[in-house]
Amino acid sequence: MNDIIAAIATGKVPCAIGILRLSGPGCAEVAGQVFRPHSGRELKDSPPHKLVLGTVTDRKGRIIDEALGVYCPAPHSYTGEDTVELQCHGSPAMLSAALEALFAKGARQAGPGEFTKRAFLNGQLDLTQAEAVIDLIDAESAEAAANAAGQLGGALQRRIDPIYEAMTDLCSHFHAVLDYPDEDIEDFQIPELSSVLQNSKSALRKLLATYDRGKHLKHGVKTVLLGRPNAGKSSLLNALAGYDRVIVTEIAGTTRDTVEEPVRLGSVLLRLTDTAGIREAGDPIEAMGVERSEQAAREAELALFVCDSSQSLNEEDRRAMEAALKAPRSIAVLNKSDLPQRIEASELPFPHVLSLSAQTGENLQALQELVEAWYGGESHCDGSVLTNARQFGAISHAADAIHRAEQSLLLGLTPDAVLTDVEEAMTALGEVTGRIVREDITNRIFERFCVGK
Ligand SMILES: Nc1nc2c(ncn2[C@@H]2O[C@H](COP(=O)(O)OP(=O)(O)OP(=O)(O)O)[C@@H](O)[C@H]2O)c(=O)[nH]1
Ligand SMILES: [Mg+2]
């Protein structure tokens, strides 16, 4: 990591400001050959962490921009190394020319995520925080951003660390007793082991339970609109999206294919899929559309069964209902509440039935309230939830290992057999935060038990 990396940190379209970023020992010298402060001082001698105005040159030495530069010497920087940022005007051509000039002076192109990787390797961030950086960049809602910002601030790490610490204490105690019999160390206690295992398992299970909320925050809730032709599915999608996303006509069978649209309902992002109306298809294309509707229903977390409440229920409605009820959560929508009603809520075998009008917008609020009650809320936007499959997989692995350790203890196996599983759990937790287990146990032995004095 001794080389100097450089990259354009902003997008590749013309905009007001474009940022060039460098990191690595001595990068201020390299940047200083391309960016010259108006003050006449070298960039490396400029006041650290302060913006200075200057000119940017290309590899031929021609001035191509006037920009602000900031030098952050190690270790007080994002990567923990010397870093420089040049805030230029946002011309992609100019930024490329300046980047080439930096390459000519000894920098090399940074790889994807390399600045954050260096921050991790230099101990500025743990893995959960490094992952939060990418979540923050990808955030599609303020809630997702708030959660990623919380994780970047270390919220998930703070939740995992105490569990890891308790296991470290346990293992280090055990190894200390075993490896240093001459030292006067208190003997190992089975009840202590048992209670640590129990607490750890319950904390890990609570953490695993946050994954659904984390997924919803990050990716939205996969939602499908199901119903017979002309029920008003597309009208509902348009009403929720706030614009005419899909074609609506009075002709039954208007929608022939599935159509996806992200829709925000309060604090919840729904990945809404409109589908072809479910019925005995009149032609092969429609048949394929209906098959896709049923496929979308199988993949959905939330199904909205839409029916035309001005018409009595028929077989087609029942077929759509059946598909909707298979989703983990479902809501029956009695659409067209603005027309004379022919269906009673009690006719529908759904725990949640809402009467509304996609056309007039009447009672759409009720749908939002229900969705928010299920998937929304501010409570879990603090960054302490699991948001990706890697974290979930590793925490599940840890929970399984702890469960095995508990079982071994119950079966009366010796503590070393139990501790093998505990160490496996620690390794799995270490994968989430990026900690190295052996090193931590060793450090703790010397820290806590003063072995070797
Ligand atoms: N009065 C009234 N008409 C509605 C309402 N919602 C939809 N419609 C009408 O019902 C007809 C069918 O609406 P669509 O949204 O195309 O229905 P769909 O379920 O998508 O139908 P397919 O795509 O054929 O499966 C259109 O003429 C809409 O204007 C409503 O709330 N009230
Ligand atoms: Mg439609």
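Not measured: the values here are computed from a predicted model.

1. Re the packing of helix α4 (residues 127–138) against helix α5 (residues 142–152)
Right, so step 1: At a minimum axis separation of 8 Å, α4 and α5 run at an interaxial angle of 155°. Taken together, α4 and α5 sit at an angle that is classed as roughly antiparallel. Considering only the axes of α4 and α5, their crossing is left-handed. Here Thr128, Gln129, Ala132, Val133, Asp135 and Leu136 of α4 come into contact with α5, specifically with Ala145, Ala148, Ala149, Gln151 and Leu152.
Right, so step 2: Split by residue class, the contact of α4 with α5 holds seven nonpolar, three polar and one charged.

2. A word on the domain arrangement of the protein chain
Right, so step 1: Once the domains are mapped, the protein chain shows domain 1 (5–120), domain 2 (155–210 + 386–449) and domain 3 (219–375).
Right, so step 2: Relative to domain 2, the C-alpha centre of domain 1 lies at a distance of 44 Å.

3. Considerations on the sheet that holds strand β4 (residues 52–57)
Right, so step 1: Strand order in the open sheet formed by seven strands is β3-β4-β5-β6-β2-β1-β7, and the pairing between neighbours is mixed. The open sheet has two edge strands with one neighbour each: β3 (35–37) and β7 (108–109).
Right, so step 2: Two elements, β4 and strand β5 (residues 63–72), share six bridges in a ladder whose sense is antiparallel. Among the inter-strand pairings, threonine 57 is bridged to a residue of β5, identified as isoleucine 63.

4. A look at the nonpolar core
Right, so step 1: Core analysis: the largest hydrophobic core is formed by 44 residues, its most contacted members being Leu226, Ala303, Phe305 and Val333.
Right, so step 2: Here this core gets six residues from one element, more than from any other, and that element is strand β11 (residues 302–308).
Right, so step 3: Residue contacts for phenylalanine 305: discarding those within four places in its chain leaves Leu226, Gly227, Ala320, Met321, Ala324, Ser330, Ala332, Val333 and Phe350.
Right, so step 4: If you look at the next biggest cluster of nonpolar residues, it comprises 33 residues, including Ala6, Ile8, Val34 and Leu102.

5. Things to note about the site of ligand 1
Right, so step 1: In the vicinity of ligand 1, 24 residues are found, and the nearest of them are Gly232, Ser234, Ser235, Thr255 and Gly277.
Right, so step 2: The residue makeup of the shell around ligand 1, split by class, is seven nonpolar, 13 polar and four charged.

6. Points about helix α2 (residues 92–104)
Right, so step 1: The terminal C-alpha atoms of α2, which comprises 13 residues, lie 18 Å apart, in line with the 18 Å expected from a rise of 1.5 Å per residue.
Right, so step 2: Leu95, Ala98, Leu99, Ala101 and Leu102 are the residues of α2 that are buried. Down the axis, α2 shows its buried residues gathered within 155° of arc, on one side only.
Right, so step 3: Packed against the buried residues of α2 are β1 (5–8), β2 (15–23), α1 (27–32), β4, β5 and β6 (83–90).
Right, so step 4: Just beyond α2, the residue with positive phi is glycine 106, at close to 120°.

7. Examining the pairing of strand β10 (residues 268–274)
Right, so step 1: For β10, the buried fraction is high: six of the seven residues fall into the buried class.
Right, so step 2: In the sheet, strand β8 (residues 221–226) pairs with β10 via four bridges, with the strands oriented parallel. Within the sheet, the bridge partner assigned to threonine 223 lies in β10 and is leucine 272.
Right, so step 3: Inspection of the sheet shows strand β9 (residues 259–265) paired to β10 by seven bridges, in the antiparallel sense. By the bridge assignment for β10, valine 263 is matched with leucine 270.
Right, so step 4: Where β9 hands over to β10, the hairpin turn is made up of two residues, of which glycine 266 adopts a positive phi near 60°.

8. Some words on unusual backbone geometry
Leaving glycine out, the prevailing phi sign among residues is negative, and the prevailing peptide bond configuration is trans.
Right, so step 1: Cis peptide bonds are those with omega within 30 degrees of zero, and the linkage from alanine 74 to proline 75 qualifies with 0°.
Right, so step 2: One can find proline 75 in the loop between β5 and β6.
Right, so step 3: Positive phi values are uncommon outside glycine, yet asparagine 230 reaches one of about 75°.
Right, so step 4: Tracing the backbone through its elements, the reader meets asparagine 230 in the loop between β8 and α9 (233–241).
Right, so step 5: The exposure class assigned to asparagine 230 is buried, which follows from the 22 C-beta atoms found within 10 Å.

9. Points about the environment of glycine 289
Right, so step 1: By the secondary structure assignment, glycine 289 is in helix α10 (residues 284–299).
Right, so step 2: On the basis of neighbour counts, which here come to 20 C-beta atoms within 10 Å, the residue glycine 289 falls in the buried class.
Right, so step 3: C-alpha of glycine 289 to C-alpha of glycine 24: the two residues are 265 residues apart in sequence and 55 Å apart in space.
Right, so step 4: Excluding residues that lie within four positions of it along the chain, glycine 289 makes contacts with Arg256, Asp257 and Ala276.

10. Re the packing of helix α7 (residues 190–208) against helix α13 (residues 389–410)
How two helices sit against one another is set out by the angle between their axes and by the gap between those axes.
Right, so step 1: Between α7 and α13, the least distance of the axes is 9 Å, while the angle of their chain directions is 150°. On the basis of their axis angle, the class for α7 and α13 is roughly antiparallel. Handedness of the crossing formed by α7 with α13: left-handed. Here α7 contributes Leu193, Ser194, Leu197, Ser200, Lys201, Leu204, Arg205, Leu207 and Leu208 to the contact with α13, which in turn contributes Phe392, Ile395, Ser396, Ala398, Ala399, Ile402, His403, Ala405, Glu406 and Leu409.
Right, so step 2: A class-by-class count of the residues in the contact of α7 with α13 yields 12 nonpolar, four polar and three charged.

11. Quick look at α4
Right, so step 1: An ideal rise of 1.5 Å per residue puts 16 Å on 12 residues; α4 measures up with 17 Å between its terminal C-alpha atoms.
Right, so step 2: Listed as buried for α4 are Thr128, Gln129, Ala130, Glu131, Ala132 and Asp135.
Right, so step 3: Buried residues along α4 sit against α3 (114–121), α5, α6 (155–179), α8 (211–219) and α14 (415–433).

12. Looking at the sheet that holds β9
Right, so step 1: Reading across the sheet, the six strands line up as β9-β10-β8-β11-β12-β13 and stay open at both edges, with mixed pairing between neighbours. Each edge of the open sheet carries a strand with a single partner, namely β9 and β13 (353–355). For this sheet, the mean angle separating the axes of adjacent strands, direction not counted, is 25°.
Right, so step 2: Taken strand by strand, α10 contacts β8, β10 and β11, and its axis lies near 145° from that of β8.

Here is what the cut-offs are and how they apply
Residues numbered from 1 in each chain as written. Chains lettered and ligands numbered in written order. Predicted model: local features only at pLDDT ≥ 70, side-chain atom pairs only at ≥ 80, totals over all residues. Axes fitted to C-alpha atoms, helices over the stretch in contact; angles between N-to-C directions. Helix = DSSP H or I, 4+ residues; strand = E, 2+ residues; numbered from the N terminus. Parallel < 35°, antiparallel > 145°, perpendicular 65-115°, else oblique. Left-handed = near helix turned anticlockwise from the far one by under 90°. Contact = placed C-beta atoms within 7 Å. Nonpolar A, V, L, I, M, F, W, Y, C, P; charged D, E, K, R; others polar. Domains from an automatic or database assignment. Pairing = 2+ DSSP bridges. Core = buried A, V, L, I, M, F, W, Y, C linked by C-beta atoms within 7 Å. Buried ≥ 20, exposed ≤ 12 C-beta atoms within 10 Å, placed from the backbone. Near = placed C-beta within 6 Å. Expected span 1.5 Å × (residues − 1). Arc of directions from axis to C-beta.

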